[in-house]
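Fold and contact review
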Amino acid sequence: AQSVTQPDIHITVSEGASLELRCNYSYGATPYLFWYVQSPGQGLQLLLKYFSGDTLVQGIKGFEAEFKRSQSSFNLRKPSVHWSDAAEYFCAVAPAGGYQKVTFGTGTKLQVIP
Amino acid sequence: GAVVSQHPSRVICKSGTSVKIECRSLDFQATTMFWYRQFPKQSLMLMATSNEGSKATYEQGVEKDKFLINHASLTLSTLTVTSAHPEDSSFYICSANSGTESYEQYFGPGTRLTVT
């Protein structure tokens, strides 16, 4: 069965600092990988996704993620965090070609301090 | 484009009553819709997958008779929580997929259900 691990439950960064949110997955083959952001009381917004090809994926709001097959990781990064980035971030995985069974990680809550 | 709405955004109901939550794709036809449940400070748990015109496929442990899902059209799916109990209180989120190659799910804003 596929699974997603986000080891950091809560991260605090200063505004302007760089950010990296960790995500590791467990799956028999290379899956489809996603990062979503959720603001309080809201639904999820897709930041970026990886299906195949270039392992460095650019997303919206200045985010990027790198797929590393050898480490089964798909970490999310941003070079300079803005206060508006404070939210909950979910990594998700789905079987390649049949993504309907999306499995979400437990989420990382990002706090941004001035 | 690709907007999904949910109604209501918040609902409070008494124990034993039923409540219906609507999920609509506003600018695309959703061949498949998904219903998730999110407990406080936890991740999303898939409850069921529904395809237009057919019965929903429920995940293990989700009671079909308690969480009735109807996907009568390509733009509307409903989730009815029957005989609600306080433990059904949660944040319910739907998502929709258009069936295009992007395989992307578009999420609704969620519905906060409180059962008193």
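Everything here concerns the structure above.
For the structure given in this document, a descriptive report is provided here.

Criteria and cut-off values
Residues numbered from 1 in each chain as written. Chains lettered and ligands numbered in written order. Predicted model: local features only at pLDDT ≥ 70, side-chain atom pairs only at ≥ 80, totals over all residues. Heavy atoms only, no water. Contact = heavy atoms within 4.5 Å. Buried area = accessible area lost by both parts, 1.4 Å probe. Salt bridge = Lys/Arg side-chain N within 4 Å of Asp/Glu carboxyl O. Polar contact = N/O pair within 3.5 Å; in protein donor to acceptor, adjacent residues only side chain to side chain. Helix = DSSP H or I, 4+ residues; strand = E, 2+ residues; numbered from the N terminus. Nonpolar A, V, L, I, M, F, W, Y, C, P; charged D, E, K, R; others polar. Phe/Tyr/Trp six-rings, centres within 6.5 Å; stacked < 30°, edge-to-face > 60°. Buried < 20%, exposed > 50% of the residue type's maximum accessible area, 1.4 Å probe, protein only. Core = buried A, V, L, I, M, F, W, Y, C linked by side-chain atoms within 4.5 Å. Disulfide = S-S within 2.5 Å.

Thoughts on the interface of chain B and chain A
Contacts between chain B and chain A engage 20 residues on the former and 20 residues on the latter. Buried surface at the junction of chain B and chain A, both sides included, amounts to about 1600 Å², of which 54% is carbon and sulfur. One can count zero salt bridges joining chain B with chain A. At the junction of chain B and chain A, the tally comes to three residue pairs in polar contact (both at pLDDT 80 or more). If you list the elements that add at least two residues to the side of chain B that touches chain A, you get β4 (32-38), β5 (44-51) and β9 (90-97) of chain B. Among the elements that make up the side of chain B that touches chain A, the one with the highest residue count is β4 of chain B (four residues). Split by residue class, the side of chain B that touches chain A holds eight nonpolar, nine polar and three charged.

Quick look at the packing of aromatic side chains
Residues and elements named next belong to chain A. This model, assessed by the stated rule, comprises 14 aromatic pairs over all chains. A centroid spacing of 5.6 Å and a plane angle of 50° characterise the contact between Phe63 and Tyr89, whose relative ring orientation is tilted. Taken as a pair, Phe63 in the loop between β7 (56-58) and β8 (64-68) and Tyr89 in strand β10 (residues 87-94) lie far apart in primary sequence, 26 residues in all. Exposure class is identical for Phe63 and Tyr89. Each is buried.

Notes on the pattern of salt bridges
Evaluated as defined, the whole model comprises six salt bridges over all chains. In this structure, Glu64 of chain A engages Arg77 of chain A in a salt bridge whose closest nitrogen and oxygen atoms are separated by 3.2 Å. Here the residue Glu64 of chain A occupies a position in strand β8, and Arg77 of chain A occupies one in strand β9 (residues 73-78), the gap between them amounting to 13 residues. Given a relative accessible area of 22%, Arg77 of chain A falls into the partly exposed group. Between Glu22 of chain B and Arg24 of chain B there is a salt bridge whose closest N-O contact spans 3.5 Å. Connected through shared salt-bridge partners, Glu64, Glu66 and Arg77 of chain A make up one network.

Digging into the nonpolar core
Core analysis: the largest hydrophobic core is formed by 26 residues, its most contacted members being Trp35, Leu48, Leu76 and Tyr89 of chain A. Elements represented by at least two residues in this core include exactly β2 (10-14), β3 (19-21), β5 (32-38), β6 (44-50), β8, β9, β10 and β12 (108-113) of chain A. No other element matches β10 of chain A, which puts four residues into this core. Setting aside anything within four residues of it in sequence, one finds Tyr89 of chain A in contact with Gln6, Leu21, Trp35, Tyr36, Val37, Leu47, Phe63, Leu76, Gly107, Thr108 and Leu110 of chain A. With 25 residues, the next largest nonpolar core counts Val4, Ala48, Tyr58 and Cys94 of chain B among its residues.

Some remarks on the state of the cysteines
Applying the stated criterion across every chain, the model contains two disulfides over all chains. The disulfide partner of Cys23 of chain A is Cys91 of chain A, and the gap between their sulfur atoms is 2.0 Å. Disulfide Cys23 of chain A-Cys91 of chain A: the torsion about the S-S bond is -65°, which places it as left-handed. Here the residue Cys23 of chain A occupies a position in the loop between β3 and β4 (24-26), and Cys91 of chain A occupies one in strand β10, the gap between them amounting to 68 residues. Between the sulfur of Cys23 of chain B and that of Cys94 of chain B lies a disulfide, 2.0 Å long from S to S. Measuring the twist about the S-S bond at about 80°, one finds the Cys23 of chain B-Cys94 of chain B disulfide to be right-handed. Here the residue Cys23 of chain B occupies a position in strand β3 (residues 19-25), and Cys94 of chain B occupies one in strand β9, the gap between them amounting to 71 residues. Classification of Cys23 of chain B as buried rests on a relative accessible area of 0%. No disulfide involves Cys13 of chain B; its sulfur sits 18 Å from the nearest other cysteine sulfur, which is in Cys94 of chain B.

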